[in-house]
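Listed below, chain by chain, are the residues.
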Amino acid sequence: MAVTSYFMPTRVGSSNSFFHSVEISECEEFICKKREEGLKGLGMMHLFLAAYARTVSQRPGLNRFVRGQRVYKRNNIVCCLTIKKEMALNAPETVVKLALSPTDTITDVYHKLNKLIEENRGEGDGNAMDKFIRLLLHLPGILFKFTVWLLKTMDYFGLLPRFLTDLSPFHGSLFITNLGSLGIPPVAHHLYDFGNVPLFIATGAKRQEYALQKDGSVKELRLMDFTLVCDERICDGHYYASALKYLQKLFKTPEVLDVPPEEVIPDID
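Parameters and conventions
Residues numbered from 1 in each chain as written. Predicted model: local features only at pLDDT ≥ 70, side-chain atom pairs only at ≥ 80, totals over all residues. Heavy atoms only, no water. Helix = DSSP H or I, 4+ residues; strand = E, 2+ residues; numbered from the N terminus. Rg over C-alpha atoms; globule rule 2.2 N^0.38 Å. Buried < 20%, exposed > 50% of the residue type's maximum accessible area, 1.4 Å probe, protein only. Axes fitted to C-alpha atoms, helices over the stretch in contact; angles between N-to-C directions. Parallel < 35°, antiparallel > 145°, perpendicular 65-115°, else oblique. Left-handed = near helix turned anticlockwise from the far one by under 90°. Contact = heavy atoms within 4.5 Å. Nonpolar A, V, L, I, M, F, W, Y, C, P; charged D, E, K, R; others polar. Core = buried A, V, L, I, M, F, W, Y, C linked by side-chain atoms within 4.5 Å. Salt bridge = Lys/Arg side-chain N within 4 Å of Asp/Glu carboxyl O. Pairing = 2+ DSSP bridges.

**Thoughts on the overall build of the protein**
Across its full length, the protein carries eight helices and eight strands. Against the globule reference of 18 Å for 269 residues, the protein gives a C-alpha radius of gyration of 19 Å, in line with a compact fold. With the C-alpha coordinates aligned to their principal axes, the bounding extent of the protein is approximately 65 × 45 × 35 Å. Burial statistics for the protein: of 269 residues in total, 44% are counted as buried.

Put into structure tokens, the structure is as follows:
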């Protein structure tokens, strides 16, 4: 991996795409149970984020990133999500950044995400990132272009101030979008060359499928498709495959997300 980033210096040029489907019957039963316990509005996005944080707790290599042709391990989990301030065609969007912990349960994720969305669904520029972008848009075109070049150069050398990386939707562990809420399949979304987000997950609409069983019977399946676009420089294919298998296991036994993991595995130095 130390050499790979020199031959593939950009994140777009080093990205691979996984297309996967998960059976979500157990997830839907678990979600109904948690709603009855008081987690009103709990959905697949909450569960997916909780499953991702749990996967990172056991496969911490997913949380690495590349900067300046070097691979670094990240000390926190930050998920970037795009939300519409209201479900209308021309409603404004904003990106929120959700800080998670490897020990978070589904209840922790539920409260953190709902609080974040509520804080950012206000009128106008709802958060500091929106205000910063609005400021940049007031610059003349040539000055805007120079500012972007300067930010990219500073980012390459790790010189961006912390307040900018905290605001930036391009800096984090994961970018995730729920296209199922729009009733459409997931897209294989590209990674961004600016910033350091190594993973982009898009989830699609739930669907039904009928599968022939070994005994000749037909079983109805509840499926959700998702795509994972990943930076191949942070870990190898075997590691990614192991992480996907672990994630799929969590969807089959979502009740394990009710309690913290027994152990959090640290990343290698």
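The structure having been displayed, the exposition proceeds.
**Some details on the packing of helix α3 (residues 44-58) against helix α4 (residues 106-120)**
Running from N to C, α3 and α4 cross one another at 120°; their axes reach a closest spacing of 9 Å. Taken together, the axes of α3 and α4 are oblique relative to one another. As α3 packs across α4, the resulting crossing turns out to be right-handed. Residue-level contacts link Met45, His46, Leu47, Leu49 and Ala50 of α3 to Ile106, Val109, Tyr110, Leu113 and Asn114 of α4. Counted by class, the contact of α3 with α4 contains eight nonpolar, two polar and no charged residues.

**Some remarks on the nonpolar core**
Counting residues in hydrophobic clusters, the biggest one holds 50 residues, and the most contacted among them are Leu49, Cys79 and Leu81. Looking at which element gives the most residues to this core, the answer is α3, with 10 residues. Core analysis: the second largest hydrophobic core is formed by eight residues, Met129, Phe175, Leu191 and Val229 among them.

**Here's the deal with the pattern of salt bridges**
Within this structure, the stated rule accounts for 10 salt bridges. A salt bridge links Lys34 to Glu37; its shortest N-O distance comes to 2.9 Å. Judged by relative accessible area, Lys34 falls into the buried class, the value being 6%. A salt bridge links Asp267 to Arg64; the shortest N-O distance between them is 2.9 Å. Here Arg64 lies in strand β2 (residues 64-67) and Asp267 lies in the segment after α8 (237-252), a separation of 203 residues in the sequence. Take Asp267: its relative accessible area is 15%, and that puts it in the buried class. What you see here is one network of salt bridges that share partners, running through Arg11, Asp231 and Arg233.

**Focus: the sheet that holds strand β1 (residues 15-23)**
With respect to topology, six strands assemble into an open sheet ordered β1-β8-β7-β6-β4-β5, the strand pairing being mixed. The outermost strands of the open sheet, each flanked by one partner alone, are β1 and β5 (93-100). Taken pair by pair, the neighbouring strands of this sheet meet at an average axis angle of 30°, ignoring direction. Sitting on the sheet, α3 is in contact with β4 (77-84), β5, β6 (174-178), β7 (199-212) and β8 (218-231), with an inclination near 165° to β4.

These values are about where atoms sit, not about what they do.
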